[in-house]
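Now for the letters of each chain:
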Amino acid sequence: MKVLAQNKKAFHDYIILEKIEAGIVLTGDEVKSLRAGQSSLIGAFATIRNGEVMLVNCRIAPYERAFQKDEDAALRNRKLLLHKRQISRLVGDIAQKGITVVPLLIYLNKKNFVKVEIGIAKHKNAPSKKKEMRERDIKRETDRDMKAQR
């Protein structure tokens, strides 16, 4: 599995309740651009329109050697491929207050297909972020102390 893009901010801003693997509809130039590392998941999210899951605000830059370079297509909505049962479960989850669907990773699977790992997430509030950072700092300090004692 080769990671092409990662949404690190999603892990910081959200509590990830569940992860789902989805396919994505792309053009050939977009796949080449992804392999070159020209993508960003910052501010991206998934919505459901007309029974289809769409990835919004995912930037995939135009491939530099493409015949037609269309800057407007870099931020276009892209369809995510899921089973109907998964989509209906997502609809039920999104109906709950405070639940969103965010992309976590774009990667190549074993068969070299581009996949998106989406997460069903709940937004963290400020105190929980501070508590998490405090716990991380304490863990880091104890690890340092344990290493120094060896």
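Residues numbered from 1 in each chain as written. Predicted model: local features only at pLDDT ≥ 70, side-chain atom pairs only at ≥ 80, totals over all residues. Heavy atoms only, no water.

## Details of the overall build of the chain
Basically, it comes down to this: Numbering of helices and strands starts at the N terminus; helices are DSSP runs of H or I of at least 4 residues and strands are runs of E of at least 2. Only protein chains enter the calculation, and the probe is 1.4 Å; a residue is then buried if its accessible area is under 20% of its type maximum, exposed if over 50%, and partly exposed in between. It only takes one pair of heavy atoms within 4.5 Å for two residues to be counted as in contact. Here Asp and Glu are counted as negative and Lys and Arg as positive; His is not counted, and neither are the chain ends. Taken as the charge location is NZ of Lys, CZ of Arg, CG of Asp or CD of Glu.
Counting its secondary structure elements, the chain contains four helices and nine strands. Starting at the N terminus and walking to the C terminus, you meet the elements of the chain as β-α-β-α-β-β-β-β-β-α-β-β-α. Reported as C-alpha extents along the three principal axes, the dimensions of the chain are approximately 60 × 40 × 30 Å. Counting all 150 residues of the chain, 36% fall into the buried class. The contacts of the chain with a sequence gap of at least 6 include a subset with a gap of at least 24, amounting to 64%. Looking at the chain, you have 32 positive and 18 negative side-chain charges, and the mean spots of the two groups are 3 Å apart.

## Comments concerning helix α2 (residues 28-35)
The criterion, for reference: This arc describes the spread of directions from the helix axis toward the C-beta atoms.
Within the sequence span of α2, burial applies to E30, S33 and L34. All buried residues of α2 fall inside an arc of 100° around its axis, so they share one side. Tucked into the core, α2 has its buried residues touching β1 (2-6), β3 (39-40), β6 (59-60), β7 (78-81), β8 (99-108) and β9 (114-123). Note on α2: the residue one or two positions beyond its end, G37, has a positive phi of about 85°.

## Some thoughts on the pattern of salt bridges
Put simply, the rule reads: Salt bridges, as used here, are contacts in which a Lys or Arg side-chain nitrogen is within 4 Å of a carboxyl oxygen on Asp or Glu.
Tallying each qualifying case throughout the model produces nine salt bridges. Here R76 ties to E30 by a salt bridge, and the two come within 2.7 Å at their closest N and O atoms. Here R76 is found in the loop between β6 and β7, whereas its partner E30 is found in helix α2, with 46 residues between them in sequence. For R76, a relative accessible area of 28% gives the class partly exposed. For R78, the salt bridge is made with E30, and the minimal N-O distance between the two is 3.0 Å. With R78 in strand β7 and E30 in helix α2, the pair connects residues that are 48 residues apart, well separated along the chain. With respect to class, R78 is no different from E30; both count as buried. Put simply, E30, R76 and R78 are held in one network by salt bridges that share partners.

## Let's talk about unusual backbone geometry
With phi around 65°, N57 is a residue other than glycine that occupies positive phi space. Along the polypeptide, N57 turns up in the loop between β5 (52-56) and β6. The phi angle at N112 is positive, at roughly 65°, despite the residue not being glycine. Residue N112 is classed as partly exposed on the basis of its relative accessible area, which comes to 45%.

## Considerations on the nonpolar core
Nonpolar side chains tend toward joint burial in soluble globular proteins. Filter applied, for reference: In these notes, a set of buried Ala, Val, Leu, Ile, Met, Phe, Trp, Tyr and Cys residues joined through side-chain atoms within 4.5 Å is what counts as a nonpolar core.
Within the largest apolar cluster, 26 residues are counted, with the highest numbers of intra-cluster contacts made by L80, L82, L90, I106 and I118. Residue assignment for this core shows that the elements contributing at least two residues are β1, β2 (14-24), β5, α3 (84-95), β8 and β9. Not counting residues up to four positions away in its chain, the partners in contact with I106 are K2, V3, L4, A5, L34, L41, C58, V114, K115 and V116. Core analysis: the second largest hydrophobic core is formed by five residues, A10, Y14, V102 and A121 among them.

## Quick look at the sheet that holds β5
Which entries qualify depends on this criterion: Any two strands are treated as partners once DSSP identifies two or more bridges connecting them. Whenever a helix is involved, its axis is fitted only over the stretch in contact; in every case the axis is a line through C-alpha atoms, and angles between N-to-C directions fall within 0 to 180 degrees.
Spatially, the seven strands line up as an open sheet ordered β1-β8-β9-β2-β7-β5-β4, and their pairing is antiparallel. Each edge of the open sheet is held by one strand with a lone partner, namely β1 and β4 (45-49). In this sheet, neighbouring strand axes are inclined to one another by 45° on average, regardless of whether the strands run parallel or antiparallel. Bridging between β2 and β9 involves nine bridges; their strand directions are antiparallel. Bridging from a neighbouring strand, K19 pairs with G119 of β9.

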